[in-house]
Amino acid sequence: MGDLHQIKQRHLAVQAALCAEAEAPMFDHPAWDAAETVVDVGCGEGSYLRHLAARFPGKRFVGVDVHETAIALAEAGPPLANLRFRWGRVEDLAERFDVLVSRFCLLYVDDLDAIAAWAADHVGGGVLEIDNADDLFAAAPAVAPLTGLLHATRLPAAEGRVRTALLDAAPTWARHGFEVDAQREVVLHSGDGDAELFRELLGLSVAVSIRRPLPEELAERLAAWQPARDRVRIGIRGTWFRPAGARPDGPVPAADERRASAAGRGGRGRSPASDHW
């Protein structure tokens, strides 16, 4: 299975292969339709962004990641005229973008405030944050020795609850003039579609969680798992944040104006009650 870095990069590639089509409805949004330029924060080895660039050839994409080896892998892939990659922090980019996309990244970074502050000045259309919907996760008891190891970074021990973009990221975005606009969820079942790809994803997810290749006992359990019988269900949630006060048919308020508006609301985003489209 390789070292931890290789495992993580393969994990991203398998995620993209298994999930990209299922997540397509998350991009059915006015900000995305109008966007010409897109930045992906935490693009990893680029599989998912490469899928988007091929699917939307009329948009220009930039993938950014702080891991140099991930960007090297991304740049080694087949070239696309509308896609490029940058090693470093998104805050170091001077150019402006219509949409910021980030997948399985922003809930876990230590500097979301810095990213949101940069976005307030450099992103005009909106932010799409895609992450695990752990509240939709379920697994058959037979798979518990594997799924019981999934993990940790998403469930703060002090609070004992699932992290979500609404609870954990929305207040930060609101401080910088963005409000929750919409959400969409998708659910994948191990018994549907490519069961072997789902098996590989589960094994890689466990390996990432335990930070090493699967021990022999777990590898044997994974090989013996019958995905169609002992089902695992995973949920993925996309949350759109828009510049506060923006409307599809109107200009985007200046960043300072949006921040002032957010401060007037106590730094709160819109109520999630009507955030589905």
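Above this text is the structure in question.
These notes cover the structure that comes with them.

Conventions and cut-offs
- Residues numbered from 1 in each chain as written.
- Predicted model: local features only at pLDDT ≥ 70, side-chain atom pairs only at ≥ 80, totals over all residues.
- Heavy atoms only, no water.
- Helix = DSSP H or I, 4+ residues; strand = E, 2+ residues; numbered from the N terminus.
- Contact = heavy atoms within 4.5 Å.
- Areas by Shrake-Rupley, 256 points an atom, 1.4 Å probe, with all protein chains shown as cover.
- Core = buried A, V, L, I, M, F, W, Y, C linked by side-chain atoms within 4.5 Å.
- Buried < 20%, exposed > 50% of the residue type's maximum accessible area, 1.4 Å probe, protein only.
- Phe/Tyr/Trp six-rings, centres within 6.5 Å; stacked < 30°, edge-to-face > 60°.
- Lys NZ or Arg CZ within 6 Å of the ring centre and 35° of its normal.
- Pairing = 2+ DSSP bridges.
- Right-handed = clockwise from strand over helix to strand, strands pointing away.

Topic: the overall build of the chain
- Within the chain, the secondary structure is distributed over ten helices and eight strands.
- Sequence separation of 24 or more characterises 78% of the internal contacts of the chain that already satisfy a separation of 6 or more.
- As displayed, the chain has an accessible area near 12700 Å², and 54% of this comes from carbon and sulfur atoms.

Points about the nonpolar core
- Ranked by internal contacts, the top residues of the largest apolar core, which has 49 residues, are Phe-27, Trp-32, Phe-61, Val-99 and Ile-236.
- Looking at this core element by element, the count peaks at eight residues for helix 8 (residues 195-210).
- In this view, Trp-32 contacts Phe-27, Val-38, Leu-52, Phe-56, Lys-59, Phe-61, Val-99, Val-101 and Trp-240; residues no more than four positions away in its chain are not counted.
- Counting 25 residues, the second largest nonpolar core, distinct from the first, contains Val-39, Ile-115, Ala-119 and Val-180.

Quick notes on the packing of aromatic side chains
- One pass over the structure, following the stated rule, counts seven aromatic pairs.
- Taking the centre distance of 4.8 Å and the plane angle of 65 degrees together, the rings of Phe-27 and Trp-32 count as edge-to-face.
- Put simply, the rings of Phe-27, Trp-32, Phe-56 and Phe-61 pair up and form one aromatic cluster.
- Geometry around Trp-32 places Lys-59 over its ring, the cationic atom sitting 5.3 Å from the centre.

Some details on the pairing of strand 2 (residues 60-65)
- By the criterion of burial, strand 2 is predominantly enclosed, with five of the six residues buried.
- Relative to strand 2, strand 1 (residues 37-41) is paired through five bridges, and the arrangement is parallel. Bridge pairing in strand 2 places Thr-37 opposite Arg-60.
- What joins strand 1 to strand 2 is helix 3 (residues 47-55), and the crossover it makes is right-handed.
- Inspection of the sheet shows strand 2 paired to strand 3 (residues 83-87) by five bridges, in the parallel sense. Within strand 3, the residue paired with Val-64 across the bridge is Arg-86.
- In this fold, strand 2 hands off to helix 4 (residues 68-76), which returns the chain to strand 3; that crossover is right-handed.

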